[in-house]
Structures are given as C-alpha cells and as structure tokens.
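Here are the chains, one letter per residue:
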Amino acid sequence: MRTPIIGGNWKMNTNRALGVELARAVVKLAGAQGGVQTVVFPPLPYLLAVGEAVRGSAVQVGAQDVYHAEKGAFTGEVSPGMLVDCGCTWVLAGHSERRHVIHEGDDMVNLKLRAALHAGLGVILCVGESLHQRDVGETNHINEKQTRLGLREVRPEEMARLVIAYEPIWAIGTGKTATADDAQDAHWHIRAVVRDMFGSEAAGAVRIQYGGSVTGANAQSLMAMPDVDGALVGGASLKPDEFGAIVAAAAARV
Ligand code: PEP
C-alpha cells in the first residue's frame, strides 16, 4: 500500500506573515489526517519561517526549485545542501512553469533531480503534456519521454525518495481537470515506464500524484483511482479549507 502524498505548491504567492499563517492552518487541518504525507512548498525566502511554523507536526517543507551544484559562483542559485540546512526534505523538479516560463529542459531537470537525491532530499518530478500534445494523442509519449529523461542515471536505491507528479499543462491553474479515468490511464503508463527502467518493485512502490486544478470537490474521484497516489496542488493549496479537504480525500482512500 502506497502512502498518499499531498503537496501544496504555493508558487510565488504569500508573504512571510501570510505564509506562516497558512502553514499553521495546514498543520491544524491537514496534520490531523493520519496516513497521508503532507508537504508545503513555500517561496524560498520563507522556508525557515514556515519550517518553524510546522515544527513538531507531521507537515513537511519542500522547495520549489534547486540548483544542481553544491556551491560556487552561481549568483542567485540555491544548492541542495542549503535546502537541507534550512530543514527542507523535498524539492520539485521539472514543474511545467519552470519548463515553459523559465525554459528548463529535460537535461537541467535531470541534473537538479539527481543532485537533490544525492543530498538526501525527496524529489517530486513533474511531467505532463500540453493541450496540443494531448489533442494529437501524444500524452503517453510526452510523459514517457519526460520520465525517462528526468530519471536518467538515478540509482535504484534512490527511487524510494522519488515521487512523480502527472500534471497536464492544460489543467494547471485553468480550472480544467483531467477526468479520473484519464488521470488513471496516464498514471498507469508512467508506472509502466518506471517498471521498464527500474523493475517491478520500484514501479509498485513509486507514488504518482495528479496535479492540475485539484480542489476539495474533485479530489475524491481522482484519489479513488488505483494508480493515483495523491495530488500536487497549486491554487487550492492557498486556501486552508480546500487544501484540508484534499488531504481528507487522500486519507479516506487509505
Ligand atoms: C501546480 O502548480 O502544480 C498546480 C497543479 O496548480 P493548480 O492546482 O493551481 O492547477
């Protein structure tokens, strides 16, 4: 049985005071749900304050991005070791906003992912197709490509700290959600890719989240799917009641 994992990606939202308030609310609402791993991803400058706010609870803190080098002349960047030093246990890699707004390619995603795993962090690798790619029937092909390139040269023993988020780009922040059946189909294919790369045990253990306009209202049907092991949540993660309802839907699945 895979433990469901719910991530709240706050993106470039909140400020220090609001972030702390939100984190405390998440501890109250989501922290009470047993059997679900809950992680919040605040903006980098608020990692320490949010870490302090969730201290002693089951809620974990992750970063939205990382650089792959350990240290040196990389102005503006943050290393995996620095995230660990700030109490982070997770980091996102390959979020579609980084792929398409910041133009990060699969090679960069892979470098970051491996550096983060090497430093002991858990990593959520985000994959997903655009609307055009979906319309021309390329969903599984894109997910396979991004999964294979993202996980290239990952050591089998590191897979226990790896989560994949299937996030169709057309569903992110749009209010459009993949149907539960479409999400299940995509997740099934992604798990098959992991099986091909790392074997049956790793494929059976890897958690695959769905992301894309998840709300309290649609979480239950998504979470009922056998290959949907949680959600990566953007907009609704800024609303404690909504986020709490999503975590509750994941808990009900356990
Ligand atoms: C995300 O940013 O990963 C995301 C899924 O956003 P939203 O829930 O707002 O669609």
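Preceding block: the structure.
Rules of the game
Residues numbered from 1 in each chain as written. Predicted model: local features only at pLDDT ≥ 70, side-chain atom pairs only at ≥ 80, totals over all residues. Heavy atoms only, no water. Helix = DSSP H or I, 4+ residues; strand = E, 2+ residues; numbered from the N terminus. Contact = heavy atoms within 4.5 Å. Near = heavy atom within 4 Å. Polar contact = N/O pair within 3.5 Å; in protein donor to acceptor, adjacent residues only side chain to side chain. Areas by Shrake-Rupley, 256 points an atom, 1.4 Å probe, with all protein chains shown as cover. Nonpolar A, V, L, I, M, F, W, Y, C, P; charged D, E, K, R; others polar. Pairing = 2+ DSSP bridges. Axes fitted to C-alpha atoms, helices over the stretch in contact; angles between N-to-C directions. Core = buried A, V, L, I, M, F, W, Y, C linked by side-chain atoms within 4.5 Å. Buried < 20%, exposed > 50% of the residue type's maximum accessible area, 1.4 Å probe, protein only. Parallel < 35°, antiparallel > 145°, perpendicular 65-115°, else oblique.

*Asks:* Explain the environment of Gly-204 residue by residue, including any values.
*Replies:* Relative to the helices and strands, Gly-204 resides in helix α9 (residues 200-205). Expressed as a C-alpha distance, the spacing of Gly-204 and Lys-145, which sit 59 residues apart in the sequence, is 20 Å. Every residue in contact with Gly-204, bar those within four places of it in the chain, is listed here: Arg-2 and Arg-191.

*Asks:* Can you lay out the site of the ligand for me, pointing to particular residues and giving the numbers?
*Replies:* As a structural note, the neighbourhood of the ligand is formed by 14 residues, with Lys-11, Glu-167, Gly-173, Ser-213 and Gly-234 the closest of them. Contact distances for the ligand include 2.6 Å between an oxygen atom and a side-chain N or O atom of Lys-11. One of the backbone N or O atoms of Ser-213 is found 2.7 Å from an oxygen atom in the ligand. Here the ligand loses 96% of its free accessible area of 290 Å² to cover by the protein chains. A per-class count over the shell around the ligand returns four nonpolar, eight polar and two charged.

*Asks:* Explain the sheet that holds strand β3 (residues 60-63) to me, using residue names and the numbers behind them.
*Replies:* An order of β1-β2-β3-β4-β5-β6-β7-β8 is seen for the eight strands of this closed barrel, with the pairing classed as parallel. Pairs of neighbouring strands in the sheet enclose a mean axial angle of 25°, with direction left out of account. Here helix α5 (residues 106-118) sits on the sheet and contacts β4 (90-93), β5 (122-127) and β6 (162-166); the angle it forms with β5, its principal contact strand, is near 160°. Its contacts with the sheet place helix α7 (residues 139-150) against β5 and β6, and it is angled at close to 150° to β5.

*Asks:* So what's going on with the nonpolar core? Residues and values would help.
*Replies:* Counting 65 residues, the largest nonpolar core has Ile-6, Leu-113, Leu-151, Tyr-210 and Ile-246 as its most contacted members. Counting ten residues, the second largest nonpolar core, distinct from the first, contains Val-39, Phe-41, Trp-90 and Ile-124.

*Asks:* Report on the side chain of Asp-106, specifying residues and quantitative values.
*Replies:* Relative to the helices and strands, Asp-106 resides in helix α5. Judged by relative accessible area, Asp-106 falls into the buried class, the value being 13%. Polar side-chain contacts of Asp-106 include one of 2.8 Å to the side chain of Arg-99. Those residues within four positions of Asp-106 in sequence are excluded, and the remaining contacts are Arg-99, Lys-145, Gln-146 and Leu-149.

*Asks:* Which residues make up the packing of α5 against α7, and what values go with them?
*Replies:* Contact geometry for α5 and α7: axes closest at 8 Å, N-to-C directions at 45°. Between α5 and α7, the interaxial angle falls into the category oblique. When α5 is examined against α7, the residues Asp-106, Asn-110 and Leu-113 are found in contact with a partner set consisting of Lys-145, Gln-146, Leu-149 and Gly-150. Across the contact of α5 with α7, the residue classes tally to two nonpolar, three polar and two charged.

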